[in-house]
Amino acid sequence: GENVEQHPSTLSVQEGDSAVIKCTYSDSASNYFPWYKQELGKRPQLIIDIRSNVGEKKDQRIAVTLNKTAKHFSLHITETQPEDSAVYFCAASRYSTLTFGKGTMLLVSP
Amino acid sequence: GAVVSQHPSWVICKSGTSVKIECRSLDFQATTMFWYRQFPKQSLMLMATSNEGSKATYEQGVEKDKFLINHASLTLSTLTVTSAHPEDSSFYICSATNPDTDITGELFFGEGSRLTVL
């Protein structure tokens, strides 16, 4: 089955800095790579996703890059704000079955 | 969009009792729903895939007799934790895909249900 590795497990940045979270996956047939933000006690919220036919996607301060050859994808958050503090999960899927990474706790200090 | 509603949002029960959690797709028909469990400070772990009108497919290590899943209609899946014990205390989250709008499968999550077994 699919295996998704996510790094780092925790990330502390100053407000205004950029944050990068990286994930690798094992199943070359995976074709959908979403990123979720989860605040304590709440449901995961999709913040951005990318499909295997695209190398990069950007939405305001958030961007995701995908390298299918190397089987890794990354989340980039620019101009971080305190409200960006949360746990971020990457995931990979084929046919709707998502496998999640272990999560990254992002802390943005004012 | 697609809305998935989960109920109850939190429940406390005594050890040995059973608890039922409902997951509903409110504005679409979900032929497939997924149940995840999340322990504190950990990731979401897929427990089972629930298919309307058929038996659920359980992930390795998940006891199907303990976690009963029923997907009797296109808008409702239920998870029953039978004979609950303190180690079953966790955050349970359901999700579904909307087959009308997505091929690859963006997931829509319910609000989650926090189960505490005393």
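Here, every reference points to the structure presented above.
Rules used throughout
Residues numbered from 1 in each chain as written. Chains lettered and ligands numbered in written order. Predicted model: local features only at pLDDT ≥ 70, side-chain atom pairs only at ≥ 80, totals over all residues. Heavy atoms only, no water. Helix = DSSP H or I, 4+ residues; strand = E, 2+ residues; numbered from the N terminus. Buried < 20%, exposed > 50% of the residue type's maximum accessible area, 1.4 Å probe, protein only. Polar contact = N/O pair within 3.5 Å; in protein donor to acceptor, adjacent residues only side chain to side chain. Contact = heavy atoms within 4.5 Å. Core = buried A, V, L, I, M, F, W, Y, C linked by side-chain atoms within 4.5 Å. Salt bridge = Lys/Arg side-chain N within 4 Å of Asp/Glu carboxyl O.

Draft legend 1. Expanded view of the side chain of Thr82(B). Residues and elements named next belong to chain B. Looking at the secondary structure, you find Thr82 in the loop between strand E8 (76–81) and strand E9 (90–97). Relative accessible area serves as the criterion here: at 17%, Thr82 is assigned to the buried category. Polar contacts involving the side chain of Thr82 include one to the main-chain carbonyl oxygen of Asp65, which spans 3.2 Å. Residues contacting Thr82, with those up to four places away along its chain left out, are Thr17, Ser18, Asp65, Lys66 and Leu68.

Draft legend 2. Spotlight on the nonpolar core. Counting residues in each nonpolar core, the largest one holds 26 residues, and the members touching the most others are Val4(B), Trp35(B), Phe67(B), Leu79(B), Tyr92(B) and Leu115(B). Broken down by secondary-structure element, the contributors of at least two residues to this core are strand E2 (10–13), strand E3 (19–25), strand E4 (32–38), strand E5 (45–51), strand E7 (67–73), E8, E9 and strand E11 (113–117) of chain B. Apart from residues lying up to four places away in sequence, Val4(B) is in contact with Arg43(A), Cys23(B), Arg24(B), Ser25(B), Phe28(B), Cys94(B), Ala96(B), Phe108(B), Phe109(B), Gly110(B) and Glu111(B). In terms of nonpolar packing, the next biggest core, distinct from the first, is built from 23 residues, Cys23(A), Ile48(A), Ile62(A) and Leu106(A) among them.

Draft legend 3. Quick look at the pattern of salt bridges. Within this structure, the stated rule accounts for eight salt bridges over all chains. We note a salt bridge from Asp49(A) to Lys57(A), for which the minimum N-O separation is 2.9 Å. Overall, Asp49(A) belongs to the buried group, its relative accessible area being 9%. Glu22(B) serves as the salt-bridge partner of Arg24(B), at 3.4 Å between the closest nitrogen and oxygen. Judged by its relative accessible area of 35%, Arg24(B) is partly exposed.

Draft legend 4. A look at the side chain of Thr78(B). Here Thr78(B) is to be found in strand E8. Those residues in contact with Thr78(B) that sit more than four places away from it in its chain are Lys20(B), Ile21(B), Glu22(B), Trp35(B), Leu68(B), Ile69(B) and Asn70(B).

Geometric values such as these leave the question of function open.
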